[in-house]
Amino acid sequence: MIRKDAVEVVCKYAKNDVIVSANGFISRDLHSSLEKNTNFYMIGSMGLASSIGLGIALKKPKKRIFVFDGDGNILMNLGSLVTIGSLQPKNLIHIIFDNKIHESTGGQPTFADKISISKIAKATNYTVFSVKTKKILENVLKKSHRLNGPILIHVLVTKSKERSSRVEISPKKIKDRFMNAIK
Amino acid sequence: MNEKIQRKIFQYFKKNRIENFIGVPDSTLKHFIDEGLKSKKILIVNREEEAIGIGAGMILAGSSTIMFMQNAGFANSISTITSLIQLYQIPMIFLIGWRGYLKNDAPEHEKIGQIQPKLLKNLNLENKILTDKTWEKDCKWALSKMKKNIPVALVIRREFLD
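Conventions used here
Residues numbered from 1 in each chain as written. Chains lettered and ligands numbered in written order. Predicted model: local features only at pLDDT ≥ 70, side-chain atom pairs only at ≥ 80, totals over all residues. Heavy atoms only, no water. Helix = DSSP H or I, 4+ residues; strand = E, 2+ residues; numbered from the N terminus. Lys, Arg positive; Asp, Glu negative; His and termini not counted. Charge placed at Lys NZ, Arg CZ, Asp CG, Glu CD. Pairing = 2+ DSSP bridges. Axes fitted to C-alpha atoms, helices over the stretch in contact; angles between N-to-C directions. Contact = heavy atoms within 4.5 Å. Phe/Tyr/Trp six-rings, centres within 6.5 Å; stacked < 30°, edge-to-face > 60°. Buried < 20%, exposed > 50% of the residue type's maximum accessible area, 1.4 Å probe, protein only. Lys NZ or Arg CZ within 6 Å of the ring centre and 35° of its normal. Salt bridge = Lys/Arg side-chain N within 4 Å of Asp/Glu carboxyl O. 1 Å grid on protein atoms, 1.4 Å probe; cavity = no way out; pocket = protein on both sides within 12 Å on 5 of 7 lines; lining within 4 Å. Points joined across faces, edges and corners; volume = space filled by probe spheres on them. Buried area = accessible area lost by both parts, 1.4 Å probe. Polar contact = N/O pair within 3.5 Å; in protein donor to acceptor, adjacent residues only side chain to side chain. Nonpolar A, V, L, I, M, F, W, Y, C, P; charged D, E, K, R; others polar.

In this section: the overall build of chain A. Along its length, chain A carries 8 helices and 8 strands. Across its three principal axes, chain A shows a C-alpha extent of roughly 40 × 35 × 30 Å. Considering chain A, the positive charge centre built from 31 side chains and the negative charge centre built from 14 side chains are found 7 Å apart.

Residues and elements named next belong to chain A. With parallel pairing, the 6 strands of this open sheet are ordered in space as β2-β1-β3-β4-β8-β7. The open sheet has two free edges, formed respectively by β2 (39-41) and β7 (127-131), since each of these has just one partner strand. Across this sheet, the average inter-strand angle for adjacent strands is 15 degrees, counted without regard to direction. One ladder, built from 6 bridges, connects strand β4 (residues 92-98) with strand β8 (residues 151-156); its direction is parallel. When the sheet's bridge partners are listed, I95 is paired in β8 with I153. Running at roughly 165 degrees to β4, helix α1 (residues 3-12) makes contact with β3 (65-70), β4 and β8 of the sheet.

Time to look at the packing of aromatic side chains. A full pass over the atoms with the stated rule returns 11 aromatic pairs over all chains. When the ring of A:F40 is compared with that of A:F178, the centres are 5.6 Å apart and the planes differ by 65 degrees; the resulting orientation is edge-to-face. Here A:F178 lies in helix α8 (residues 171-181) and A:F40 lies in strand β2, a separation of 138 residues in the sequence. A:F178 shares its class with A:F40; the two are buried. Ring plane angle 80 degrees and centroid distance 5.4 Å describe the contact between A:F68 and A:F97, whose orientation is recorded as edge-to-face. With A:F68 in strand β3 and A:F97 in strand β4, the pair connects residues that are 29 residues apart, well separated along the chain. The exposure classification of A:F68 matches that of A:F97, with both residues buried. Put simply, the rings of B:F10, B:F21, B:F32 and B:F68 pair up and form one aromatic cluster. Residue placement shows B:K128 over the ring face of B:W141; its charged tip is 4.8 Å from the ring centre.

So, about the pattern of salt bridges. Charged atoms that come close allow side chains of opposite charge to pair. This model, assessed by the stated rule, comprises 20 salt bridges over all chains. For the salt bridge of A:D176 with A:K172, the shortest nitrogen-to-oxygen distance reads 2.6 Å. On the criterion of helical spacing, the pair formed by A:D176 and A:K172 is a turn pair, its members being 4 residues apart in helix α8. B:R47 is the salt-bridge partner of B:E49, the closest N and O atoms lying 3.5 Å from each other.

All names here are of chain A. Inspection of the entire model under this criterion finds 1 cavity of 30 Å³ or more. Volume-wise, the largest cavity comes out at about 30 Å³. Along the walls of the largest cavity sit I2, R3, K4, E103, T158, S160 and E162, which together make up its complete lining.

On to the environment of A:L156. All names here are of chain A. In this fold, L156 is placed in strand β8. In sequence terms L156 and M1 are 155 residues apart; their C-alpha atoms lie 8.0 Å from each other. Setting aside anything within four residues of it in sequence, one finds L156 in contact with M1, D98, K100, S130, V131 and K132.

Accessible area lost on assembly of the parts is the figure often given for the size of an interface. Counting residues at the interface gives 28 residues for chain A and 22 residues for chain B. Taking both partners together, chain A and chain B bury about 2000 Å²; carbon and sulfur atoms supply 69% of that area. Looking only at chain A, the three residues that lose the most surface to chain B are A:L48, A:K59 and A:K175, adding up to 25% of its buried area. Counting across the chain A and chain B interface gives 9 residue pairs in polar contact (both at pLDDT 80 or more). Taken together, the residues of the side of chain A that touches chain B break down into 16 nonpolar, 8 polar and 4 charged.

So, on to the side chain of A:E103. Residue and element names in this part refer to chain A. Topologically, E103 is positioned in the loop between β5 (101-102) and β6 (108-109). Among the polar contacts made by the side chain of E103, one reaches the side chain of N99 at a distance of 3.0 Å. Among residues more than four places away in sequence, those in contact with E103 are R3, F25, K159, S160 and R163.

Pasting the structure below:
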């Protein structure tokens, strides 16, 4: 399963939910799979998708908040797992699309194949699922409604040359429409 | 800045509907932070950039937020400030403890303390230095900027050595 296909699968189950997507190709994939006002597309500040998602989750406890993260992104802000695991937001679903590389910058390796992101997340008190296939990903997403967060779905994806186009919406517009939509 | 004023500054922001105070501790700001801890309004996290991310999320959710940190941590966060807070025009107030303001502060603060005013200027981040006499006016100024979607910084100088 390539990342873009995995993003599409998750989007099927997050149509009415808030989504914060990490900078780089992940935001592009979300934009081409499911464009909506309740998406916050990051185009900078690498590593912070999960922190932004946490802030929203704490203030909007009745909404489900998805974070679309990457292995490079979370490894840059591992402390975020500690904070999320400590504060235990029930409405946060943290998805890590893990291709073991920084695909957006040319495919350089991360350390994600040397350590276990899932084990780190377990140690910080997330409910963790590690999935490799579309079918299992769908099963986990279906049952996620019945579970309390924070949930981490570690999605192992393969690298690919498939590219989604750039998000052309201005950052200020992304923010303004997002804030209006989640009022 | 004395203890009493720092506690007053916290209460001033709380009274003016700032809902969240997030950051990384700094000894220059310890009385402000202590006052917030007593009110259970303070969230202390691991790193300043992370704090800014969480604060940004809360502001996106419509909840007003102040960040507190030392100038060293502020310097850590410059890319986050330019590519998240300023780029998306997220109205955040930074409260920054200025280590290295005194020339004989600890050596690790010397360089960053020296360039602190220039750093804010080069970022085009509007800012004021809070003093015992003028803090209320400048805090009010920060709140008015927040309403206009403009992020700003308030600086408290480290005027003692320990």
